[in-house]
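The lines below spell out each chain.
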Amino acid sequence: QVQLVESGGGLVQAGDSLTLSCAAPEWIFSTYVMAWFRQAPGKQREFVAGILGTRTAVADSVNGRFTISRDNAKNTVYLQMNSLKPEDTAVFSCAAGPSLHTDERTYSIWGQGTQVTVSS
């Protein structure tokens, strides 16, 4: 049963911007850390960004280009991605877990993912 629903992926050109959304049930959104991970073809899934209240964490590889935020009224987490590069191409997944951590094993609730493709 899918608890987290991502949207906003697509095909863009290098340098473009894209915003991903992750909608969650209120009981998840109000209780858990929300995070974004991504998995490129042939690579392991990696942490992108996470948010707990007003505290955020962003991977070094996207720091300065990606921003995570949340809308408590909509139970939605966003990932604003600017200056996209071809190496950002991946399936982006939303996750929820008990602590703000970069290890995917600490997250027990996952969305199905949304594809982001950046052409050069």
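Look a little higher up for the structure.
Fair warning: this is a prediction, and the values are worked out from it, not measured in the lab.

Thresholds applied
- Residues numbered from 1 in each chain as written.
- Predicted model: local features only at pLDDT ≥ 70, side-chain atom pairs only at ≥ 80, totals over all residues.
- Heavy atoms only, no water.
- Disulfide = S-S within 2.5 Å.
- Helix = DSSP H or I, 4+ residues; strand = E, 2+ residues; numbered from the N terminus.
- Buried < 20%, exposed > 50% of the residue type's maximum accessible area, 1.4 Å probe, protein only.
- Contact = heavy atoms within 4.5 Å.
- Polar contact = N/O pair within 3.5 Å; in protein donor to acceptor, adjacent residues only side chain to side chain.

Taken as a whole, this structure holds 1 disulfide when the rule is applied. A sulfur-sulfur distance of 2.1 Å marks the disulfide that ties Cys-22 to Cys-94. One disulfide, between Cys-22 and Cys-94, carries an S-S torsion of -80° and so falls in the left-handed class. Here Cys-22 is found in strand 3 (residues 18-23), whereas its partner Cys-94 is found in strand 9 (residues 90-97), with 72 residues between them in sequence. Relative accessible area serves as the criterion here: at 0%, Cys-94 is assigned to the buried category.

This brings us to the environment of Arg-38. Along the chain, the position of Arg-38 falls in strand 4 (residues 33-39). Since its relative accessible area comes to 7%, Arg-38 is described here as buried. The contact partners of Arg-38, leaving out residues within four places of it in the chain, are Gln-44, Arg-45, Glu-46, Val-48, Ser-61, Val-62, Phe-66, Asp-88, Ala-90, Val-91 and Phe-92. A polar contact of 2.6 Å, which involves the side chain of Arg-38, links it to the side chain of Glu-46. A distance of 2.9 Å separates polar atoms of two side chains, one belonging to Arg-38 and the other to Asp-88.

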